[in-house]
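# Residue-level structural notes
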Amino acid sequence: MKQINDTELSEFLLLGFAEDAKLQPLIFGLFLSIYLVTVLGNLLLILATISDSLLHMPMYFFLSNLSFVDICFTSTTVQKMLLNIQTQSKAITNAGSITQIHFFVLLIELDILLLTVMTYHMYVAICCPLHYLVIMKRHLCGLLILVSWVVSVLYALLQSLMVLCLSFCMDLDIPHFFCELNQVVQLACSDTFLNEVVIYVAAIFLGGGPLTGLLYSYSKIFSSIRAISSVPGKYKAFSTCASHLSVVSLFYCMSLGVYLSSAVTQKLTFNFNSLCDVYCGHPHAEPFHLQSEESGPE
């Protein structure tokens, strides 16, 4: 049997938002503006934190790290989408898809862990104000950031290597503007049971664990705020954590929305492809591996 040359079938197609060519310039301008504002705003915050000695505190240290991660996160997905719109192409290469998956998983997990670390900081500042300087020392802050990076890098590396072991068929259309892990795994022709187990286990421990700690911390924070007798004291304590709470709520709500929309899209795509196979008699495509290896006839 003749093997398929992997280098000829090593591209995914990112379908993006709209097929109408008239809408592409509008989408390009909108997302370019949002991207530039996001990058500029986060850069200014990082520069302000570095340059002003009064901002050399744990809260701003964590915030500057979160800003850096947000810059990288938006650059990982939006830059490729803008390039595809500009070049009128929907393709992303084999190496590009794995790279995007790796950094997307790394940065989104790092976002989750940093938000959890910042929640712990809020908990110490409001619930244990007398012990704040003793607990939130510089070496502890650095250790929390280091652990977050190490966990995120190892998890992203695991997911990337597992995707590399999958075999894919001819239908490589991704109904998104970036390579989302779940959707790429669903396109595989080989067994994806282990991939799905790792994804769900990681979602429980690396997603549910920080979320549980976050909810517990905020329950203690709100209890401490209610126990404050003076109204100005309550307002000051609540204003301290209000901005962080809004960012956390926005992050988790958007993540849940993206996950649910991705799951619906996968189900609709699977049902459509099944109907095509039944009524059109399409044969199953021969699988290939995502790794780029030249293969010749046996």
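Just so you know, these numbers come straight off a predicted model, no measurement behind them.

## Some words on the overall build of the chain
- Helix and strand content of the chain: 8 helices and 5 strands.
- Listing every helix and strand of the chain by position from the N terminus yields β-α-α-β-α-α-α-β-β-α-α-α-β.
- Going through the 298 residues of the chain one by one, you find that 38% of them count as buried.
- Relative to all contacts within the chain whose residues are 6 or more apart in sequence, the contacts with residues 24 or more apart total 78%.
- Taken as a whole, the chain presents about 17200 Å² of accessible surface, with 71% of it coming from carbon and sulfur.

## Here we look at the environment of Gly29
- Along the chain, Gly29 falls in helix H1 (residues 24–51).
- A sequence separation of 53 residues divides Gly29 from Leu82, and the C-alpha atoms of the two residues are 9.0 Å apart.

## Description of the nonpolar core
- Among the nonpolar cores identified, the biggest contains 61 residues, and Phe12, Phe168 and Val184 are the most heavily contacted of them.
- Elements that contribute at least two residues to this core include exactly strand E1 (11–14), H1, helix H2 (58–87), helix H3 (94–127), helix H5 (138–164), helix H6 (181–186), helix H7 (193–227) and helix H8 (231–280).
- Looking at which element gives the most residues to this core, the answer is H3, with 15 residues.

## What to know about the UniProt feature "transmembrane region" (unreviewed entry) in the chain
- In the numbering adopted here, UniProt assigns the feature "transmembrane region" (unreviewed entry) to residues 26–48, 103–128, 140–158, 197–216 and 237–260.
- As annotated, residues 26–48 has a helix share of 100% and a strand share of 0%, and its two end C-alpha atoms lie 33 Å apart.
- With 100% helix and 0% strand, residues 140–158 has its two end C-alpha atoms placed 27 Å apart.

## Description of the state of the cysteines
- Applying the stated criterion to the full structure yields 0 disulfides.
- With no disulfide partner, Cys128 has as its closest neighbouring cysteine sulfur the one in Cys127, 6.0 Å distant.

## A short note on unusual backbone geometry
- Positive phi is not limited to glycine here, since Gln88 has a value of about 55°.
- Secondary-structure assignment places Gln88 in the loop between H2 and strand E2 (91–93).
- Of the residues examined, Gln88 reaches a relative accessible area of 64% and is grouped as exposed.

Here is what the cut-offs are and how they apply
Residues numbered from 1 in each chain as written. Predicted model: local features only at pLDDT ≥ 70, side-chain atom pairs only at ≥ 80, totals over all residues. Heavy atoms only, no water. Helix = DSSP H or I, 4+ residues; strand = E, 2+ residues; numbered from the N terminus. Buried < 20%, exposed > 50% of the residue type's maximum accessible area, 1.4 Å probe, protein only. Contact = heavy atoms within 4.5 Å. Areas by Shrake-Rupley, 256 points an atom, 1.4 Å probe, with all protein chains shown as cover. Core = buried A, V, L, I, M, F, W, Y, C linked by side-chain atoms within 4.5 Å. UniProt positions renumbered as here; feature names shortened; annotations may be inferred. Disulfide = S-S within 2.5 Å.

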